[in-house]
Protein chains: 2
Amino acid sequence: MSAARFVFDFDEPSPGGRELLGGKGIGLAEMTELGLPVPGGFTITTDAFRSYAIGRQLPEGLAEEVRAHVAALEVKCGKRFGDHDDPLLVSVRSGAAVSMPGMMDTILNLGLNDEAVEGLAARTGNPRFAYDSYRRLIQMFGEVVDGIDPRRFPDALAALKRERGARSDADLGAEDLRALVASYRGIYREEKGRDFPAGATDQLMRAVGAVFDSWDTPRARVYRGANGIPDDIGTAVNVVQMVFGNKGDRSGTGVAFTRNPATGARELYGEFLANAQGEDVVAGIRTPQPVEAMALIMPRAYEELRAALRRLEERYRDMQDVEFTVEDGALYLLQTRAAKRTAAAALKAAVEMVEEGMISREEAIVRIDPASLDQLLHPRIDPAEALKAAAKGLNASPGAASGGVVFDAETAVERAKGGPVILVRTETTPDDIHGMIAAQGILTVHGGMTSHAAVVARGMGKPCVAGCEGLSLEEGVAHLAGHDLREGDVITIDGGSGQVYVGKVKLVPPQLNEDFETLLSWTDVHRRLRVRANADTPEDAARAREFGAEGIGLCRTEHMFFGEERLPVMQEMILAEKEPGRRAALERLLPFQQADFEGIFAAMSGLPVTIRLLDPPLHEFLPLEEQASDERMRARIRVLHESNPMLGMRGCRLGLVYPEIYEMQIRAIARAALAVEARFGEAPLVEIMHPLVGFAEELRRLRELTERVWMQEAPDMPHTVGTMIELPRACIRAEEIAGEAQFFSFGTNDLTQTALGVSRDDADRTFLMHYLEDRVLERNPFEVLDTEGVGGLMRIAVAGGRARNPSLKIGICGEHGGEPRSIAFCHGIGLDYVSCSPFRVPIARLAAAQAALAQEGASRYVAAGG
Amino acid sequence: MSAARFVFDFDEPSPGGRELLGGKGIGLAEMTELGLPVPGGFTITTDAFRSYAIGRQLPEGLAEEVRAHVAALEVKCGKRFGDHDDPLLVSVRSGAAVSMPGMMDTILNLGLNDEAVEGLAARTGNPRFAYDSYRRLIQMFGEVVDGIDPRRFPDALAALKRERGARSDADLGAEDLRALVASYRGIYREEKGRDFPAGATDQLMRAVGAVFDSWDTPRARVYRGANGIPDDIGTAVNVVQMVFGNKGDRSGTGVAFTRNPATGARELYGEFLANAQGEDVVAGIRTPQPVEAMALIMPRAYEELRAALRRLEERYRDMQDVEFTVEDGALYLLQTRAAKRTAAAALKAAVEMVEEGMISREEAIVRIDPASLDQLLHPRIDPAEALKAAAKGLNASPGAASGGVVFDAETAVERAKGGPVILVRTETTPDDIHGMIAAQGILTVHGGMTSHAAVVARGMGKPCVAGCEGLSLEEGVAHLAGHDLREGDVITIDGGSGQVYVGKVKLVPPQLNEDFETLLSWTDVHRRLRVRANADTPEDAARAREFGAEGIGLCRTEHMFFGEERLPVMQEMILAEKEPGRRAALERLLPFQQADFEGIFAAMSGLPVTIRLLDPPLHEFLPLEEQASDERMRARIRVLHESNPMLGMRGCRLGLVYPEIYEMQIRAIARAALAVEARFGEAPLVEIMHPLVGFAEELRRLRELTERVWMQEAPDMPHTVGTMIELPRACIRAEEIAGEAQFFSFGTNDLTQTALGVSRDDADRTFLMHYLEDRVLERNPFEVLDTEGVGGLMRIAVAGGRARNPSLKIGICGEHGGEPRSIAFCHGIGLDYVSCSPFRVPIARLAAAQAALAQEGASRYVAAGG
């Protein structure tokens, strides 16, 4: 054995695991080891890919290694590669360490040529099958290896069908297909100026290079970008002896799950298509039967499959998704991997596996992707509206969404900038990936639960209804149960029920189910971070509490100035020229604020409530200049206009220039606290937060103001005073600021804007999407905390703050507080709590527990996905 | 002697210097020590002030100490305080460690009452003088100690003058003044409900408290704010035996300088007013004579004064400003201090003192306030225009300015927000200080070179023309040599020549004089920081070079897209929908840019030139939407609109989204470099700078792009590639970014905006002025670098950058690069160069040398001012 080995048989030990062999390769090797029926073959490692990637040249020695392994395979199966009489055929399949369904290329039936196809026909006694296999090879090879326009071969097939009057492929006979082969070879020659390559090894080596190349297609790059997969891990290539599901009625192909991937129920689940090759299932072109149908037509293969699935789940201690083929009644397993599943399914399976003793509670916690829980925390269709559905399809990916209809991916991306869209397609392909990312939901005419649309949508946590009956598409129009829908017409889909509605439908908030509650109760044992919610109303506060929030980390007060009775008074305040006029208006706003605070304190009894004083610039309370009612207001609007309001007259700057505003708010808080204490006999835990502090002197003065007013109103009521940390300067000077603060709360939305110099309101439209598409940035820093930059500032602030004030409480209340990777970072730098929107509280609880387990060095728990 | 001593006689040693005794107190003590004629008296220390400041209560024991020192003074001068027969009279004068001319209060003639005034009248044989002294006491005491409306006493004086038909105070006789005393006492009783206090010690102690209180008047706070004087140093109080310049023709009072404070020439310079008290000179009410006039009327006192001035300059080794009084022919010195002087005078005096062997070159360098040099680097009136002056006054403070006329300080502040203003007053008072800060220049009807307006304007480095003949003021109108000027009418003043022009007058750029050149040549020996200039045109580059710039630190390229021939092409580029359209337009812009670069390279031959690629958002090149010519442009303007353009699509973001723009610029630079090399035989030192980098990946790609284009155009031409550091993230990630950069240049304008979250375009109008007035901030962070916050980020960036790349060149090109305190900071953190506007290059050279000397521990050099 030479020093650098790039190829390993499925049945021989290898020095590496998933990273070296890819997900498909390791699965095939492990199934082989378990004694399960796997066709012969071998894996070309990701090392070979990396070597190839340097100069787009297959590494030295690879060709010989491949030849040697082909020879071994020939011995094993008693056929010869390239033989004209009884040819060994192989497929070449990509397989990265991380699953990227449908993103890279596969080529089947390698080893056929004009002579071998005759041998195959003779040996199988099935010339139709033989020619069909050959024409598929020419098509796949032509498209994938040689880049021939993917419309050319299907056009020729369609022309032949028209000529023969055939309605489907099945109506074409052996002679038709032989003619088609000739026509395909003509296309190949026309396009490439040479004949389709006859040499089997030549075919194979060129196919390997093409699969490597497919790692770098734009759609694969977009997919990796959206899923946070590094660009440099590369793919392995599997060379697998062909088995045929399209040999007749005792053959077929399918996909099976060890549990239901939509619900998590412990039941065999899957789909099967008789007399078909695997690609037919995945592409969603023909609608398959439930896998149970196999019990009747091929009972032995069915029982073998059930047994294999049990073995695999035991082996992997996780839900598996298995591709299989039955050739002449014999079962072959072609792939096993951790099943993509809905969040509900992941939860149920994890909780039940704990109950079954298969995994530990900690493994269950670590296994759930917190981001996936978002699916369960999306609104659903109000059950009262369920009857009005216009049509029904498969419930391919749960959640509900409304949006304007779009018919192609480009339009989806374009129109999504203006509002939510639903992508409506006959079926989706990997080329639609950017449109699926942009859309709120996906609706398809064809395809089943394992079609491209369904698998990708579930992965993204987006609603999808697939195979919708009563839906058909024409140029620019969707006909849906009697409605003609054009681009932009609004529909609503419910991927949990499969129902489709015309127009916008009322949605209801989600609730936690029993599995979810169980898992979350386990998480609370492990996490160190407290989880609070951002909530501005008693309703939101109550919901947050239901979801397990341990306080309110951000109660914004600006909405309390809106509303029919309030806004005119607020505007009067803003229009007043002098302080007495402002005070008079504020006096009238005080009772409203007080009532709001009383409601929130009551809802959060016993838990802390952080109230942020008025933050937005005053012009946000005035109409647009062209809508102003009088000249006085127009003049004020002009005066208040700022060229960069984000960096303007807001936050504590308002509080220092117009102290009467904050005085009123503090008074309202104090009075509300007294009233709630009187009513319930328990004082609320009040935390008063000053926003946008950059200088310790700002906070020193505002704290003085706060304490002065508090002493006047509620001298015996406990409370604390702190600040948002949302400016880079506040991070750098945190030590000094901590001398004036009892708590810090990172406002990472604004801190990201200022640290990166990026306006969130503009950036998506201008350069940020370009940066993400072009991979200048790996992730949107407004979604996932920029731990290196913004996080670097946070580390400085935590160190400075705690140096000055070791008891300083520190949290985060930007939207990152509900994002799992960001939560892990917050755990790592020692924050006390995260605060997020009520619906993300469960996600934060789970992510916080995972962060704590990871820190405990819990690497023994297998991570989710795979 | 008790433990805590608060009082020291002028002739006894004290444990502290200027900080303890104040500037006036230490001067009196030191003059006494030199044997110069100083009236008897003592100083109450700043310790007493600080003790007083705590509870607004004179410290325990102070009254007894004062009594003891008064008793000693009584012995010395043979008179008794409060005596009815031959009373000792004293003045109470403030005196902080730092001079604050006219900002705090003084009370004269303490010790007079109804009986003592008769004794004084009898002893001096001058009842008119005695009653005049007494009525002055009642007025000053009433106003300063008891806060009586300052209009009441002058109104009574004016009424009496009307009644007596008197044109001036001098027309009033002894009996008139005795009646005035009665009337003043009536006013006092009416206002305060009690009699004017008769007890001398009571008067004295209350006067001391009032002088302490005057430290905290709004005008004093504003002055300290504008001059960077800490609020907590406080003032000492001097109790000085009265001497009288208003005793008749052998008496008088004046101010003298050891050298000319306007030019620095070595000549006796000053003003003298016969038969007057000191306050008459300083207030500018009567126009005094040159001090040489004394030679005729009191030759002995004149010679004594000349000798004293020589002694004082030798003693202090600096130009002195001396207040004196002559009483019946006897000279008394009342104050000596380092003279306020124009920058030109400071330079000439410093250079000449070096030549005279009085001070070292290093002392000369350290003594010049770099900020003051700004005066010399302001534009002057074009000599060709000098003939058109409408009027002429005293050249009280050099420099020229145009602006709209305003007649009071409040209006000056208000109108200055909209454009430059000239404050026009009969005479200025300390209450006008905020208006003087806001105005571009000051013009007064009355007053001489030592009037309030002149002294303060010189201190601020603002043009001032005082005592303007032919100018008179009425309600809302200034009559100037036949012109009637109303608020907002534009005038131009030249404080260097004293000329006043109606309308705007052409100004010419300044040039360095010989003294300036000499001093700067000395600085270059000491400084470590290189000094470059920000210059965008060959003209600016040439001027910068004249001023000693050692390269261009910031050549902005945006202006190169403006101009009649260019802007339409630039707009065409922006309006193009696709890249080929943009490239076609850019192709036409390239020759313009190339020509611009050639001019700059030629002007800076042998010195480095840092070119910043396009930075501003594209919408800055389009008209306002309402001025757009067609719908296509309006649509593009709407698309390019950003809610926060400061944080938007600009800098390197443009370069990454539209790489063709930067490609064109780099091509133009490379071709210009080749052309200049061909022409002059020397390659320019080209540094290409990418703006607004936040992520190393941005710079990595742009550097690649730069090198690719460069290789195409000028593969053998040396050049470097670097980046602006102007985002907090760039500072935090400097180590990574330094891996891609050959140089860093801090853009502290934008770094201040992002680190502090403050939009420079808006903040002055909204909260920043409020912050400065209210002392939330001590200094405007856009003028003086916020060394704690922004500077903290810079320290991180320097450390990170040098850790990765020890040879990294680091500079600063924000406007702080020309501000002395900021330059000292840049020196301290180890930058390689500062870059500033051409006119600030000399300031930067001096400041850099001072920073280096300060670091060498050159504390032996006496600091400037005093």
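Scroll up to find the structure this text is about.
Notes on the structure in this doc start here. (Residues numbered from 1 in each chain as written. Chains lettered and ligands numbered in written order. Predicted model: local features only at pLDDT ≥ 70, side-chain atom pairs only at ≥ 80, totals over all residues. Heavy atoms only, no water.)

Quick word on the side chain of His69 of chain A
Residues and elements named next belong to chain A. How we decide: Every helix listed is a DSSP run of H or I at least four residues long, and every strand listed is a run of E at least two residues long, numbered separately from the N terminus. Burial classes: relative accessible area under 20% of the type maximum marks a residue as buried, over 50% as exposed, and values in between as partly exposed (1.4 Å probe, protein chains only). Any two residues whose heavy atoms approach within 4.5 Å at even a single point are treated as in contact.
Among the structural elements, His69 can be located in helix 3 (residues 62-77). Residue class for His69 comes out buried when judged on its relative accessible area of 10%. Discounting chain neighbours no more than four positions away, the residues touching His69 are Arg5, Val7, Phe8, Asp9, Glu12 and Phe42.

Structural notes on the sheet that holds strand 5 (residues 90-96) of chain A
Residue and element names in this part refer to chain A. Note the cut-off: Pairing between two strands is assigned when DSSP locates at least 2 bridges connecting them. Think of each axis as a best-fit line through the C-alpha atoms, taken over the contacting stretch in the case of a helix, with angles from 0 to 180 degrees between the N-to-C directions.
Across the sheet, five strands lie side by side as 1-2-7-5-6; this open sheet has antiparallel pairing. Whereas interior strands pair on both sides, the edge strands pair on one side only; in this sheet they are strand 1 (7-9) and strand 6 (106-110). Geometrically, the sheet is characterised by an average inter-axis angle of 20° between neighbouring strands, direction not taken into account. Sheet topology note: the strand 2 (residues 41-44)/strand 7 (residues 235-241) ladder contains four bridges and is antiparallel.

Some thoughts on the pairing of strand 11 (residues 320-327) of chain B
All names here are of chain B. Taking burial as the measure, the eight residues of strand 11 include eight buried ones, the bulk of the element. Alternating residues of strand 11 divide into Gln320, Val322, Phe324 and Val326 and Asp321, Glu323, Thr325 and Glu327, and every residue in both groups is buried. Sheet topology note: the strand 8 (residues 252-257)/strand 11 ladder contains six bridges and is antiparallel. By the bridge assignment, Gly252 is partnered in strand 11 with Val326. Strand direction decides the pairing type here: strand 11 and strand 12 (residues 330-338), joined by eight bridges, are antiparallel. Bridging across to strand 12, Gln320 finds its partner in Ala338. Here strand 11 hands over to strand 12 after two residues, with Asp328 in that stretch at a positive phi of 50°.

Remarks on the nonpolar core
What counts here: Residues enter a nonpolar core if they are buried and are Ala, Val, Leu, Ile, Met, Phe, Trp, Tyr or Cys, with the set joined through side-chain atoms within 4.5 Å.
Ranked by internal contacts, the top residues of the largest apolar core, which has 450 residues, are Ile44, Phe746 and Met794 of chain A together with Ile44, Phe746 and Met794 of chain B. Not counting residues within four places of it along the chain, the set of residues in contact with Phe746 of chain A comprises Ile725, Cys731, Leu751, Met794, Ala797, Val798, Ile810, Gly811, Ile812, Cys813, Gly814 and Leu831 of chain A.

Section: the pairing of strand 24 (residues 499-502) of chain A
All names here are of chain A. Here strand 14 (residues 391-392) runs beside strand 24; their pairing, made up of two bridges, is antiparallel. Within strand 24, the position partnered with Lys392 by the bridge is Gln499. As defined by bridge partners, strand 23 (residues 490-494) adjoins strand 24 across four bridges and the pair is classed as antiparallel. Bridge pairing in strand 24 links Asp494 to Gln499. Between strand 23 and the antiparallel strand that follows it, strand 24, lie four residues; Gly498 among them carries a positive phi value of about 85°.

Re helix 12 (residues 299-316) of chain B
Side chains of residues three or four places apart in an α-helix project in the same direction, reflecting 3.6 residues per turn. All names here are of chain B. Spelled out, the test is: Expected span of a helix: the number of residues minus one, times 1.5 Å. Note that the arc is computed from the directions linking the helix axis to the C-beta atoms.
Compared with the 26 Å implied by 1.5 Å per residue over 18 residues, the 26 Å span of helix 12 between its first and last C-alpha is a close match. Buried within helix 12 are the following residues: Ala301, Tyr302, Leu305, Ala308, Leu309, Leu312 and Glu313. Buried positions in helix 12, seen along its axis, are confined to an arc of 130° and lie on one side of it. Of the exposed residues in helix 12, the ones pointing more than 90 degrees away from its buried face are Arg300 and Glu314. Just beyond helix 12, the residue with positive phi is Arg317, at close to 50°.

Here's the deal with the pattern of salt bridges
To be explicit about the condition: For this document, the term salt bridge refers to a Lys or Arg side-chain nitrogen within 4 Å of an Asp or Glu carboxyl oxygen.
Applying the stated criterion to the full structure yields 157 salt bridges over all chains. In this structure, Arg337 of chain B engages Asp321 of chain B in a salt bridge whose closest nitrogen and oxygen atoms are separated by 3.2 Å. Within this pair, whereas Arg337 of chain B is found in strand 12, its partner Asp321 of chain B is found in strand 11, the two being separated by 16 residues in sequence. Residue Arg337 of chain B is classed as partly exposed on the basis of its relative accessible area of 21%. Arg679 of chain B is the partner of Glu598 of chain B in a salt bridge, and the nearest nitrogen-oxygen pair spans 2.9 Å. With Glu598 of chain B in helix 21 (residues 579-603) and Arg679 of chain B in helix 24 (residues 659-680), this pair connects stretches of sequence that are 81 residues apart. Among the charged side chains, a network of salt bridges with common partners joins Arg56, Asp213, Asp216, Arg221, Arg224, Asp231, Arg775 and Glu778 of chain A.

Focus: the interface of chain A and chain B
As a reminder of what qualifies: In this description, buried area is defined as the sum, over both parts, of the accessible area (probe of 1.4 Å) that is lost when the two are combined. Identification of polar contacts relies on pairs of N or O atoms within 3.5 Å, with a donor-acceptor requirement for protein atoms, meaning one able to donate a hydrogen and the other able to accept it, and with residues adjacent in sequence counted only if both atoms are side-chain atoms. The residue classification treats Ala, Val, Leu, Ile, Met, Phe, Trp, Tyr, Cys and Pro as nonpolar and Asp, Glu, Lys and Arg as charged. All others, Gly included, are polar.
The interface is formed by 48 residues belonging to chain A together with 48 residues belonging to chain B. Between chain A and chain B, a total of about 4100 Å² is buried, with carbon and sulfur atoms accounting for 56% of that surface. When the buried area of chain A at its contact with chain B is split by residue, Asn644, Leu647 and Arg729 of chain A rank highest and sum to 14% of it. The interface formed by chain A and chain B includes eight salt bridges. Among the salt bridges present, the one from Glu788 of chain B reaches Arg733 of chain A, with a minimum N-O distance of 3.5 Å. At the junction of chain A and chain B, the tally comes to 28 residue pairs in polar contact (both at pLDDT 80 or more). Counting residues per element, the side of chain A that touches chain B draws most heavily on helix 29 (residues 760-773) of chain A, which supplies seven residues. Partitioned by chemical class, the residues of the side of chain A that touches chain B number 21 nonpolar, twelve polar and 15 charged.

Some remarks on empty space enclosed by the protein
To keep things clear, this is the line we draw: We place a 1 Å grid over just the protein atoms. Points where a 1.4 Å probe fits but has no way out form a cavity, open points with protein on both sides within 12 Å along at least 5 of 7 lines form a pocket, and any residue with an atom within 4 Å of a point lines it. Grid points are joined across faces, edges and corners, and a volume is the space filled by probe spheres set on the points.
Counting across every chain of the model gives eight cavities of 30 Å³ or more. Roughly 60 Å³ of volume is contained in the second largest cavity. Around the second largest cavity sit 13 residues that line it, and Arg653, Phe695 and Glu698 of chain A together with Val758 and Phe767 of chain B are the ones nearest its centre. Broken down by element, the residue count for the lining of the second largest cavity peaks at three residues, all from helix 29 (residues 760-773) of chain B.

Some points on the relation of the copies chain A and chain B
Quick note on the threshold: Superposition of the copies was done by least squares, using only C-alpha atoms of residues whose pLDDT is at least 70 in both.
With an RMSD of 0.2 Å, chain A superimposes on chain B once it is rotated by 180° and translated 0.0 Å along the axis. The two molecules are tied by a two-fold rotation axis, judged by turn and shift. Considering only C-alpha atoms, the residue of chain A closest to the rotation axis is Asn644 of chain A, which sits at 2.1 Å. A share of 100% of interface residues in chain A that are also interface residues in chain B marks the association as one of identical surfaces.

Some words on the sheet that holds strand 29 (residues 685-690) of chain A
Residues and elements named next belong to chain A. What the eight strands build is a closed barrel, ordered 26-27-28-29-30-31-32-33; its pairing is parallel. Taking each pair of neighbouring strands and ignoring which way they run, the sheet shows an average axis angle of 25°. Note that strand 32 (residues 809-812) and strand 33 (residues 833-836) share two bridges and pair parallel. Looking at the pairing, Gly811 lines up with Tyr833 of strand 33.

Notes on the environment of Pro288 of chain A
Residue and element names in this part refer to chain A. Relative to the elements of secondary structure, Pro288 occurs in the loop between helix 10 (278-282) and strand 10 (289-290). Sequence separation of Pro288 and Met604 is 316 residues, and the distance between their C-alpha atoms is 52 Å. Aside from chain neighbours lying at most four places away, what touches Pro288 is Glu271, Phe272 and Leu273.

Comments concerning the packing of helix 4 (residues 114-124) of chain B against helix 5 (residues 127-144) of chain B
Residue and element names in this part refer to chain B. Under the convention used in this document: Left-handed describes a crossing whose near helix is turned anticlockwise from the far helix through less than a right angle; right-handed describes the clockwise counterpart.
At their nearest, the axes of helix 4 and helix 5 sit 7 Å apart, and the two run at 145° to each other. The two elements helix 4 and helix 5 meet at a crossing, and its hand is right-handed. Contact residues: helix 4 offers Asp114, Val117, Glu118, Leu120, Ala121 and Thr124, while helix 5 offers Pro127, Phe129, Ala130, Tyr131 and Tyr134. Here the contact of helix 4 with helix 5 is composed, by residue class, of eight nonpolar, one polar and two charged.

Remember, this is a structural readout, not a statement about activity or role.
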